[in-house]
There are 2 protein chains.
Amino acid sequence: MRRALELATSPDAPLGPNPRVGAVLLSPDGEAVGEGYHHGAGTPHAEVEALRAAGSRARGATAVVTLEPCNHTGRTGPCSAALLEAGVARVVHAQSDPSPAASGGADHLRAHGVDVVGGVLADEAEALNPYWTHQAVHGRPFVTWKAATTLDGRVAAADGTSRWITGAEARADVHALRASVGAVVVGTGTVLEDDPHLAVRRDAEVLSYDQQPLRVVVGARDIPEGARVLDTSAPTLHLRERDPAHVLGVLQAREIRHVMLEGGPRLVAAFVRAGLVDAVRWYIAPALLGSGPAALGDAGMSTITDALRLQVAGVSLVGGDVRIDARVLRAEEG
Amino acid sequence: MRRALELATSPDAPLGPNPRVGAVLLSPDGEAVGEGYHHGAGTPHAEVEALRAAGSRARGATAVVTLEPCNHTGRTGPCSAALLEAGVARVVHAQSDPSPAASGGADHLRAHGVDVVGGVLADEAEALNPYWTHQAVHGRPFVTWKAATTLDGRVAAADGTSRWITGAEARADVHALRASVGAVVVGTGTVLEDDPHLAVRRDAEVLSYDQQPLRVVVGARDIPEGARVLDTSAPTLHLRERDPAHVLGVLQAREIRHVMLEGGPRLVAAFVRAGLVDAVRWYIAPALLGSGPAALGDAGMSTITDALRLQVAGVSLVGGDVRIDARVLRAEEG
């Protein structure tokens, strides 16, 4: 299984809509007769790649896979059927498939006489695909709200100026986060006020792979011609409807697993109110303003016990600024 | 000098209005013939203690002292005269005396034929007494503003409730800070709204020494009878005048070197406006409120370039909360 986990994180295993998965086929005497990993949406699943490598030696073999073999036909056929057809005798998997559409692979294999063991190093396998797992369980993308404020909680000065609150290193760090998500969401208000670009800077050394997020602008107002968000550097989607659940539904249908919320106080308040913020990435500049807007508008919390509580996952210095990563605590997670 | 620095930080060298100082007397052949350190206001200075220990062996000796010997008569006589009288031949000191009243010791000694070398490990000696040094240079106490907010910068919810934004560990940490300062300052508004106690908890294991800060309430309004700040656990001073420079002048006259500002948004804004905040101790609870007051009120900064910039000196997790220590950047410090 260690080898399968290693395969799943191969350098060219792209981050995209599909999970990262690794597979190893072992002959009855323990020899590795085939290996594979998933290379991205539309390409063969890890199991199929390993079966191809093993050829006839797959018969009677044990398949070790980081994710329960899928049981549905998407862009490719079901892996459970492929494993049966190849005559695999035993399947050991880590994470169980959390998606309603694709799960049932283990049961299907068992029903056809294959010995199946699940849950081996499941936590490590799940950690390979946290956002994919989240959307499979919750049926919507994972939402990380990014904010940048002064120590006293201002996102801009009283006159609206905000360039720059944080330093160059923190802003480069934001580009790295943008490069890792499927979509960046703002409201029309932010577009009208700040004219942000929202694409990942091409020149940034932080760009570890060649992916631009979908730029999503929500709200009924028109985006002005010539707005930077409409340039050709990345795709852009304008949703006239700004209800958070609707927005996330549209993005889920587009197989976007991780959304970065960069909106203003009102849009973010709507997401918080709807319980649709999962984590925050907060940059705090060591500066004081004494006036100016806050990051979050009225979200219906009027007394201290109403406060939305999070758990700090990490604190660090980025240049001269403080970065705090925190997860929203939900009742379901204890 | 290492030994002198060590002596200065002896466990019973109390933190108080006076600096921590250590001294070693070396005979011409390099033998330590006397050691001493300052035990607190009203007790002999380190040099005098070392001279007493050395007796007649001080004649022709080298005095190694962490601070330039004083040249004035305060609660005790000038050390420069005592060293001359004992026949010390050479003085090696670290930090030069920054206080206008007491400096000049080195010149006085030189004028009387003593060989004087200054500046040896001066930074380390200065670090022994940062607040004492600050007041000696600036003629006023060092001011640390303590604040506790949510991620979105609220010190209380919209209905005024604020117990508790931060966790028990952060609150205990505040008591440790209070126990280390000479005075805690709030406005009458805070007393009327929150009825804070402001003394150091007796039961807290964080109390490393038996000192209560002076509780200072500033503002024209009366403190209500029965207010917790008036109890007998610590001394309390009510200043009807809330001008920050005046308040610090009163505290400087009381030989208070380090002041902790725990006031509300208006009082703190007055200190910021007057340039009289030197550092912040900021606790950030991983929580969101979306409404409620900010820590700092209007301090006359209306555009981003007006922002008061600080430098982060330390970031850590205290319980589940983030603690940021930062120093205000001043032009004089580059």
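Residues numbered from 1 in each chain as written. Chains lettered and ligands numbered in written order. Predicted model: local features only at pLDDT ≥ 70, side-chain atom pairs only at ≥ 80, totals over all residues. Heavy atoms only, no water.

Which parts of the structure should I look at to understand the domain arrangement of chain A?
Residues and elements named next belong to chain A. In terms of domain boundaries, chain A breaks down into domain 1 (2–135) and domain 2 (141–333). Placing the centre of domain 1 and that of domain 2 at their C-alpha centroids yields a distance of 35 Å. Residue-level contacts link eight residues of domain 1 with nine residues of domain 2. Where domain 1 abuts domain 2, roughly 840 Å² becomes buried across the two surfaces, and 54% of that area is made up of carbon and sulfur atoms. One can count zero salt bridges joining domain 1 with domain 2. The interface formed by domain 1 and domain 2 holds three residue pairs in polar contact (both at pLDDT 80 or more) in total. Residues of the side of domain 1 that touches domain 2, tallied by class, amount to four nonpolar, three polar and one charged. (Domains from an automatic or database assignment. Contact = heavy atoms within 4.5 Å. Buried area = accessible area lost by both parts, 1.4 Å probe. Salt bridge = Lys/Arg side-chain N within 4 Å of Asp/Glu carboxyl O. Polar contact = N/O pair within 3.5 Å; in protein donor to acceptor, adjacent residues only side chain to side chain. Nonpolar A, V, L, I, M, F, W, Y, C, P; charged D, E, K, R; others polar.)

Before we go on, may I ask you to explain the environment of Pro98 of chain B in this structure?
Residues and elements named next belong to chain B. Relative to the helices and strands, Pro98 is located in the loop between strand E4 (90–95) and helix H4 (105–111). Pro98 sits 37 residues away from Gln135 along the chain, and the two C-alpha atoms are 9.1 Å apart. Sequence-distant contacts of Pro98, that is, excluding residues within four places in its chain, are made with Leu67, Trp132, Thr133, Ala136 and Val137. (Helix = DSSP H or I, 4+ residues; strand = E, 2+ residues; numbered from the N terminus.)

Please clarify how the sheet that holds strand E12 (residues 287–288) of chain A should be interpreted in this entry.
One open sheet accounts for nine strands, arranged E12(A)-E13(B)-E14(B)-E11(B)-E6(B)-E10(B)-E7(B)-E8(B)-E9(B); its pairing is mixed. On the outer flanks of this sheet lie E12 of chain A together with strand E9 (236–239) of chain B, each paired with one strand and no other. Bridging between strand E6 (residues 142–150) of chain B and strand E10 (residues 258–261) of chain B involves four bridges; their strand directions are parallel. Looking across to E10 of chain B, one finds that Phe142 of chain B is bridged to His258 of chain B. In the packing of helix H7 (residues 168–180) of chain B onto the sheet, contacts are made with E6, strand E7 (183–187), E10, strand E11 (279–285), strand E13 (308–318) and strand E14 (321–328) of chain B, and the angle to E11 of chain B comes to roughly 165 degrees. (Pairing = 2+ DSSP bridges. Axes fitted to C-alpha atoms, helices over the stretch in contact; angles between N-to-C directions.)

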